[in-house]
Amino acid sequence: MVRGVPRTVRLLAFGAFLNAVVSFTFVYLFVYLTGPRGLSVSQAGVISGIGGIGLVAGNFTGGWFGDRYGHRRTLLTGACVSGAALLTLPVLPLSALYAVLPLAQYASGAVRAANAALVAVSVPEGGRRQSFALTRFASNGGFTVGPPLGALIAAAWSYDWLFLADGLGTLLFAGYGAAILPARGAGRTVRARDPRAPGLWHELRARPAVPVLLAAIVCVDLVYRQQYSTLPVFLADHGHGTQFYGWLIAVNGGVILCLELPVAHALRERAALPVVGTGLLLVGLGYAVLIPGAGALFAVTMMVSLTMGEILYKTTATAYVADEAPTHAQGRFQSLYAGASISGQVLAPPLGGALYAASPALLWPLCAALACGAGVAVLASRRLGGSSSRPLRGGRPAEAPEPAGPGHAPAAETGSPARGSAG
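Rules used in this analysis
- Residues numbered from 1 in each chain as written.
- Predicted model: local features only at pLDDT ≥ 70, side-chain atom pairs only at ≥ 80, totals over all residues.
- Heavy atoms only, no water.
- Salt bridge = Lys/Arg side-chain N within 4 Å of Asp/Glu carboxyl O.
- Buried < 20%, exposed > 50% of the residue type's maximum accessible area, 1.4 Å probe, protein only.
- Helix = DSSP H or I, 4+ residues; strand = E, 2+ residues; numbered from the N terminus.
- Core = buried A, V, L, I, M, F, W, Y, C linked by side-chain atoms within 4.5 Å.
- Polar contact = N/O pair within 3.5 Å; in protein donor to acceptor, adjacent residues only side chain to side chain.
- Contact = heavy atoms within 4.5 Å.
- Phe/Tyr/Trp six-rings, centres within 6.5 Å; stacked < 30°, edge-to-face > 60°.
- Expected span 1.5 Å × (residues − 1).
- Bend = angle between axes of the 7 residues up to and from the residue.

Under the criterion given, the structure shown has seven salt bridges. One salt bridge connects Glu203 with Arg207, and the closest N-O pair in it is separated by 2.7 Å. For the pair shown, Glu203 and Arg207 are each scored as buried. Close ionic contact of Glu310 with Lys314 constitutes a salt bridge, the shortest N to O distance being 3.8 Å. One end of the pair is Glu310 and the other is Lys314, both in helix H14 (residues 296-324) and four residues apart, which spans about a single turn. Note on Glu310: relative accessible area 3%, which makes it buried. Connected through salt bridges with shared partners, the residues Arg136, Glu260, Glu310 and Lys314 form a single ionic network.

Now the structure itself:
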């Protein structure tokens, strides 16, 4: 399943795993702010919300830095800034948290966009799904280990040590990235060298299916992330405890770790948009299962459907955007997708919470309708054209270039279409 993934991508996936293991700060941030820092719930909510906005902004804009200055340079700079900021958080006065935490989150978002762009420029068009799936597999595996490890650290020492571990781990990730991604070329992309290259909006208008997909991803992420905000409240209101919710989330992680790579391999020659559209429909159908009731069987069925939808759409959509992107705008295309795919982290809690408070019975029907509508829109966008409509041969379009040899790093600094891999 990973035989066709270039060596550089495998190395980056390993780095993503290590970085995810120590990226447990955001999981315990609210507890830290209301506990050791002594903030009220409303104050902690404001700081957490500002940090979330910084994360989304970093995802949306990090690709611009990559296209202009190089994806490798953007990843390393972002990781250094984020790591250094996290190290200082335990000793900062409360007033400084309003500025430093969003900075750390912004840099982290830029790293995420740069990492996705590195994968995209390292693998030939049409052959990227397995590379992105491997990177997601590594990140999910690290996140499975990270939160329990963070809980042990906080219990044995203090919450301050979480920020120290996260900061040091992020700086080590920067050093690891510098070692496996040697600098090459002039450090600027085609866009930076050629002012006549078309702008981002011109490129999006030339690929009308991409904006449709991005809008659909924003809609479905708003729905998808209800599992982390309103779902536990809904389950508690219907007699299910925290332990049941924890096992339900474990179903999500376990199914992803077991099936995402095999599914990406099995569907690698399928056109992208039908796969993505089907995945979005499964997300909508999952939440529709909750409409009749909140019994254990309903909840588990919902989570399985939601997880299978996630497996189908997330990796495939990321690869599709990379396949559609022109070389000089690869970073910005990946940044748009990265921002869209995490937008629900900011939008889902307030919007879902307000709707659940006003009319609980409307939440799941509206979620189901929104996700299914997004899926139908993506399926209909096949008529707009794009690489997904081209016939595949051996898992990639016939005109795709051959990948670089397994020992070659991607030409990440120049924006060259040379390939290797990164996920």
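Following the structure, the description resumes.
In this structure, Leu231 and Tyr287 are the most contacted members of the largest nonpolar core, which totals 45 residues. Listing elements by their share of this core, those giving two or more residues are helix H9 (200-205), helix H10 (209-224), helix H11 (230-237), helix H12 (242-266), helix H13 (272-288), H14, helix H15 (330-342) and helix H17 (360-380). The greatest single-element share of this core, amounting to nine residues, is contributed by H10. Counting 16 residues, the second largest nonpolar core, distinct from the first, contains Leu39, Leu97, Ala104 and Phe163.

The next thing to look at is the side chain of Thr307. The topology assignment puts Thr307 in helix H14. For Thr307, a relative accessible area of 0% gives the class buried. Only 2.7 Å separates the side chain of Thr307 from the backbone oxygen of Met303, close enough to count as a polar contact. Apart from the residues lying within four places of it in its own chain, the contact partners of Thr307 are Asn252, Val255 and Ile256.

A separate point is the packing of aromatic side chains. Applying the stated rule across the entire model yields nine aromatic pairs. Here the aromatic rings of Trp64 and Phe65 are separated by 5.2 Å at their centres, their planes lie at 85 degrees, and the arrangement is edge-to-face. A residue is classified by how much of its surface remains accessible, and Trp64, at 41% relative accessible area, is partly exposed. Accessibility expressed as a relative area gives 32% for Phe65, which makes it partly exposed.

Time to look at H12. Along its 25 residues, H12 runs 36 Å from first to last C-alpha, staying within 8% of the 36 Å computed at 1.5 Å per residue. Its axis deflected by about 40 degrees at Leu259, H12 carries its strongest bend there, up to four residues before the proline Pro262. Looking only at H12, the buried set comprises Tyr245, Leu248, Asn252, Ile256, Glu260, Leu261, Val263 and Ala264. The inward-facing, buried residues of H12 abut helix H6 (129-156), H10, H11 and H14.

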